[in-house]
Amino acid sequence: MNQDQIKGQWDQLVGKAKRAWGELTDDDVLKAEGSADKLFGLLEQRFGETKEKIKARLDAIHLD
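Residues numbered from 1 in each chain as written. Predicted model: local features only at pLDDT ≥ 70, side-chain atom pairs only at ≥ 80, totals over all residues. Heavy atoms only, no water.

Lay out the overall build of the protein chain in plain terms, naming residues and giving numbers.
Counting its secondary structure elements, the protein chain contains four helices and zero strands. Written out in order from the N terminus, the α and β elements of the protein chain read α-α-α-α. In terms of overall size, the protein chain behaves like a compact globule, its C-alpha atoms giving a radius of gyration of 11 Å where 64 residues would be expected to give roughly 11 Å. Once the C-alpha set of the protein chain is aligned to its principal axes, its extents read approximately 35 × 25 × 20 Å. Evaluated residue by residue, the protein chain yields a buried proportion of 27% over its 64 residues. Sequence separation of 24 or more characterises 42% of the internal contacts of the protein chain that already satisfy a separation of 6 or more. Accessible surface computed for the protein chain: about 4,600 Å², of which carbon and sulfur atoms make up 47%. One way to put it: in the protein chain the 11 positive side-chain charges average out to a point 2 Å from where the 13 negative ones average out. (Helix = DSSP H or I, 4+ residues; strand = E, 2+ residues; numbered from the N terminus. Rg over C-alpha atoms; globule rule 2.2 N^0.38 Å. Buried < 20%, exposed > 50% of the residue type's maximum accessible area, 1.4 Å probe, protein only. Contact = heavy atoms within 4.5 Å. Areas by Shrake-Rupley, 256 points an atom, 1.4 Å probe, with all protein chains shown as cover. Lys, Arg positive; Asp, Glu negative; His and termini not counted. Charge placed at Lys NZ, Arg CZ, Asp CG, Glu CD.)

I'd like a description of the confidence of the model for the protein chain, backed by residues and values.
Per-residue confidence for the protein chain gives a mean pLDDT of 92; residues scoring 70 or more make up 98%. Per-element confidence in the protein chain is highest for helix α3 (residues 36-47), whose mean pLDDT is 95, and lowest for helix α1 (residues 3-20), whose mean pLDDT is 93. (pLDDT = per-residue confidence, 0-100.)

Could you give me a rundown of the pattern of salt bridges, with the residues and numbers involved?
All told, the structure shown has six salt bridges when counted by the stated rule. A salt bridge links aspartate 37 to lysine 51; the nearest nitrogen and oxygen atoms lie 3.4 Å apart. Of this pair, aspartate 37 sits in helix α3 while lysine 51 sits in helix α4 (residues 51-59), and the two are 14 residues apart along the sequence. (Salt bridge = Lys/Arg side-chain N within 4 Å of Asp/Glu carboxyl O.)

Break down the packing of α3 against α4 for me, with residues and values.
At their nearest, the axes of α3 and α4 sit 9 Å apart, and the two run at 110 degrees to each other. The angle between α3 and α4 falls in the class roughly perpendicular. On α4, the residues touching Asp37, Phe40, Leu43 and Glu44 of α3 are Lys51, Ile54, Lys55 and Leu58. The residue inventory of the contact of α3 with α4, partitioned by class, reads four nonpolar, no polar and four charged. (Axes fitted to C-alpha atoms, helices over the stretch in contact; angles between N-to-C directions. Parallel < 35°, antiparallel > 145°, perpendicular 65-115°, else oblique. Nonpolar A, V, L, I, M, F, W, Y, C, P; charged D, E, K, R; others polar.)

As structure tokens, this is what we get:
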């Protein structure tokens, strides 16, 4: 997997998270430092959802 593919996947993940949690800010995304695990941890802490619920919610979102 090359850098462009990784960046594309990160951008999709962030887009889904912003769509699911409208209060998620660009500062929150910067705090995740490009790490999905850090982003999940931030979502768990900020919105009180479990990692499993977060993953299920993100999986249910289809970006156009």
